[in-house]
Number of protein chains: 2
Amino acid sequence: MNAAVEYLSGRRSTSVDELLEFLSIPSVSSLPEHEEDVRLAAAWAAERLRSAGLEHVEILPTGGHPVVYGDWLHAPGAPTVLIYGHFDVQPVDPLELWSSPPFEPQIRDGRIYGRGASDMKANLLISVLGVEAVLRARGALPVNVKFLLEGQEEIGSPQLPAFVAANRERFACDLVLSADGFQWSEDQPQLLIGLKGACGIQIDVRGAKSDLHSGLHGALVANPIFALVGILSSMRTPEGEIRVDGFYDDVRPVSNADRAAIAGVPFDEEQYKNSIGVSELVGEPGYSHLERSWARPMLDANGVWGGFLGEGVKTIVPNEAHAKITCRLVPDQDPDRVIETLRAHVKRHAPPGVTVEVQAAAVRAKPYFIPPDHWGNRLAGAVLTELYGRRPYLTRAGGSIPVCEIFLSRLGAYTVSFGLGLEDENIHAPDEFFRLSSFERGETAWPMLLERLGEHRP
Amino acid sequence: MNAAVEYLSGRRSTSVDELLEFLSIPSVSSLPEHEEDVRLAAAWAAERLRSAGLEHVEILPTGGHPVVYGDWLHAPGAPTVLIYGHFDVQPVDPLELWSSPPFEPQIRDGRIYGRGASDMKANLLISVLGVEAVLRARGALPVNVKFLLEGQEEIGSPQLPAFVAANRERFACDLVLSADGFQWSEDQPQLLIGLKGACGIQIDVRGAKSDLHSGLHGALVANPIFALVGILSSMRTPEGEIRVDGFYDDVRPVSNADRAAIAGVPFDEEQYKNSIGVSELVGEPGYSHLERSWARPMLDANGVWGGFLGEGVKTIVPNEAHAKITCRLVPDQDPDRVIETLRAHVKRHAPPGVTVEVQAAAVRAKPYFIPPDHWGNRLAGAVLTELYGRRPYLTRAGGSIPVCEIFLSRLGAYTVSFGLGLEDENIHAPDEFFRLSSFERGETAWPMLLERLGEHRP
């Protein structure tokens, strides 16, 4: 391992140049005019895998942007790890807020600025460099390695579930290592053990055939806004307790062990309130802030509209009112079942005089949870503890990263998140950057991790 | 009186020509480019008052469109009646839906088509013709008459309250006759005895300093939409019962006499439901449809909005949500007091974690009610009964016509509505028309009414 780290240390400026080259490809997956750039990034990644010593490198069609594959499978008896990453990036607007052009990466004050620096071209390259270094230093890897690098993470990986399911053999593995991740701070590592699922509905309430004069008709007909308001207020309290009949049925209770683990992570309430500009935090009674955020489901209204929205007064009974609702789910909730629960609840609470329709929204992700003592976590945790001199926090995220659940359900393998981003690095925003110190740390971390994983016997 | 009716009958074609001329003036009060046309209509009306024999005819400035005044005050001991009308009209769009140009009036199938025909140039001219006829036939009127013809009814008479208050002496009277009104049907007269008042508020709920990622923040902060929904659902049930603390305090109960009078007016539920396209009527429990519409207050949401209103999904906790609320008021509710009641209720029901603001809306009208047995109603009712061979229905309107309350509060005089429009005459819509048969009936009705009023001693 020392030899591997020395190898990387000896080619640092070359590695950074490679990263600058990779960052200069504007592989924006959401914009059709950059489709060819996404292909160029795929080709760049494939070539980099080859030069690192990976075998069977291929660019595979998915129906959308391509996937890059490569493997090294000469460690019989050792685990097979699938390293996941993506080479696509977010759009760059508002362009005028960038201090330097997003696809002309620059190094300033120990930071590499450019779109995709933190999310996640540096992390991707570090994982490849780690594999290359161990291979060069030892002539072999202690584990079997496969790479799955995709080009459409930033648009929600629409083709990935079917693609992985159709290529189960190729991607079969004991563990997924996602290079797309974050640490808690420069001094404090973390292991991400839970991600929420998601689903949603739109509620459409309709009354008369057109808006009505409120004076002539208001006392005689249902008002779709009040019908909608009645339905919504039956679904959740303003404080955040969900009142949808059956919603909590499949929710795995927060165990004492969960509470203890979550309580081990600090939460600075004042700093948090200041950062988002609220005077008071509000949430489900009976849980701490981080318990609510990490281990309890939530139901939110994302939008509501109906009737007259202009300046001034228009005395109508509107003939329509609508709401968009999304939920964040925890184990063992299933998004399809939750949608049916929501639909049944809304129908049951539809008042007379209006028609109420429920449409499932185009967001559906299962919750993901990896046991904190899973061997992948234990080994990654040992590496992080050695690197940082501190045990990692066991964290969860209120958001959803579908890929973890896709690998779990399609490949039967858990994902350990092992990335070196930090939360202040402006991902999805102007002046995205990545720290050179993180790059350096990653050059040590990945060889260490591969070694440790090689000690495991599945 | 026979002589008066004969006089009008002898000049019918002249009178109709006068109406066609009046209708050809495009006196659209809401459009600045027609300001001069409104002045022309004022001049036309003033000239017509003069030629009818009215005295002291004047065009008076109001700060907005002018008022036309004229009087005949030589009936000592007899009542003084103020005849109210307006010579402005609604805009004409959508122009392409008119069968003939709106300001080139045409007679087809016994109907006069043109903007302002039913609302209300025919009714205005009929009232003047009635006065002229009695004056010509008898050489004198049985009552003292004043005219107040305004040019901004269709924009809400913004200057009228102050104008009437500043001219109390000039307009002092025992009774107002509004020529701007409707009968129930061609065979059934009505007396309008009640109009609702109105007021409103906008509720603005604000949370964080910007929209938030619902996964990262939804479980920790108040959602302004659910905060708004909680407030709204505390204000009214979907069925229409108002739950605002104190809202009903000043509501005059529906008496047995009210119930009996209202029950005397037919309401065709099936026909009504079909006309507006609803399958079911919904309203405050414990009251009939017409009681709800005519004698009970209502609170409606006219618009609601907040968060993401586009296609698809955006998983945010929005940082704002808003609702527009208006109320229809009955005696003895006061719009200013109701606004304070609403404001106090909303503030009391504001949940934690958001700021809630209440703005009063730019609509404020007091309810109006004239006792059914008021002498003006008794005498007008007798005329209608004689004309139609049926006693008039005692009706009310769910809408608000501020002028009645303005005259009551500024002049201390009740308004009797005495117009001959019918509800199918497309007012405010393309192909507005007025029936020649109604014109003819009006030529009989107004001389009869003036005679009857002359018998009253104030």
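As a starting point, this report considers the structure included with it.

Quick notes on the rules
- Residues numbered from 1 in each chain as written.
- Chains lettered and ligands numbered in written order.
- Predicted model: local features only at pLDDT ≥ 70, side-chain atom pairs only at ≥ 80, totals over all residues.
- Helix = DSSP H or I, 4+ residues; strand = E, 2+ residues; numbered from the N terminus.
- Expected span 1.5 Å × (residues − 1).
- Buried ≥ 20, exposed ≤ 12 C-beta atoms within 10 Å, placed from the backbone.
- Least-squares fit on C-alpha atoms with pLDDT ≥ 70 in both.
- Pairing = 2+ DSSP bridges.
- Axes fitted to C-alpha atoms, helices over the stretch in contact; angles between N-to-C directions.
- Contact = placed C-beta atoms within 7 Å.

1. Concerning helix α15 (residues 436-455) of chain B
Three or four residues apart is the spacing at which side chains of an α-helix point the same way, because the helix has 3.6 residues per turn.
Piece 1. In this model α15(B) runs 30 Å from its N-terminal to its C-terminal C-alpha over 20 residues, within 8% of the 28 Å that 1.5 Å per residue would give.
Piece 2. Counting buried positions along α15(B) yields 14 of 20 residues, so the element is predominantly enclosed.

2. Side note on the relation of the copies chain A and chain B
Piece 1. The two copies are related by a screw operation: chain A maps onto chain B through 180° of rotation and 0.2 Å of translation along the axis, at an RMSD of 0.2 Å. Interpreted geometrically, this transformation is the action of a two-fold axis. In terms of proximity to the rotation axis, the leading residue of chain A is A:Trp305, whose C-alpha is 2.1 Å off the axis.

3. What about the sheet that holds strand β18 (residues 433-435) of chain B?
Residues and elements named next belong to chain B.
Piece 1. The antiparallel open sheet is built from three strands, whose spatial order is β4-β5-β18. Lying at the two open borders of the sheet, with one neighbouring strand each, are β4 (106-108) and β18. In this sheet, adjacent strand axes meet at a mean angle of 25° when their direction is disregarded.
Piece 2. Examined bridge by bridge, strand β5 (residues 111-113) and β18 share three bridges and lie antiparallel to one another. Each bridged residue has a counterpart across the sheet, and for tyrosine 113 the counterpart in β18 is phenylalanine 433.
Piece 3. Along the sheet, α15 makes contact with β5 and β18, crossing β18 at roughly 55°.

4. Here we look at the pairing of strand β11 (residues 298-307) of chain B
Piece 1. Most of β11(B) is tucked away, with 10 of its 10 residues classed as buried.
Piece 2. Strand direction decides the pairing type here: strand β11 (residues 298-307) of chain A and β11(B), joined by five bridges, are antiparallel. Pairing of A:Gly306 across the sheet is with B:Val304, part of β11(B).

5. A look at the sheet that holds strand β1 (residues 55-60) of chain B
Residues and elements named next belong to chain B.
Piece 1. With mixed pairing, the six strands of this open sheet are ordered in space as β1-β2-β6-β3-β7-β17. Looking at which strands have only one partner, the edges of the open sheet turn out to be β1 and β17 (415-417). If you compare each strand with its neighbour and ignore which way they point, the axes differ by 20° on average.
Piece 2. Bridging between strand β3 (residues 80-86) and strand β6 (residues 144-150) involves seven bridges; their strand directions are parallel. Within the sheet, the bridge partner assigned to histidine 86 lies in β6 and is glutamate 150.
Piece 3. With respect to the sheet, helix α4 (residues 117-138) is in contact with β2 (67-72), β3 and β6, its orientation differing from that of β3 by roughly 150°.

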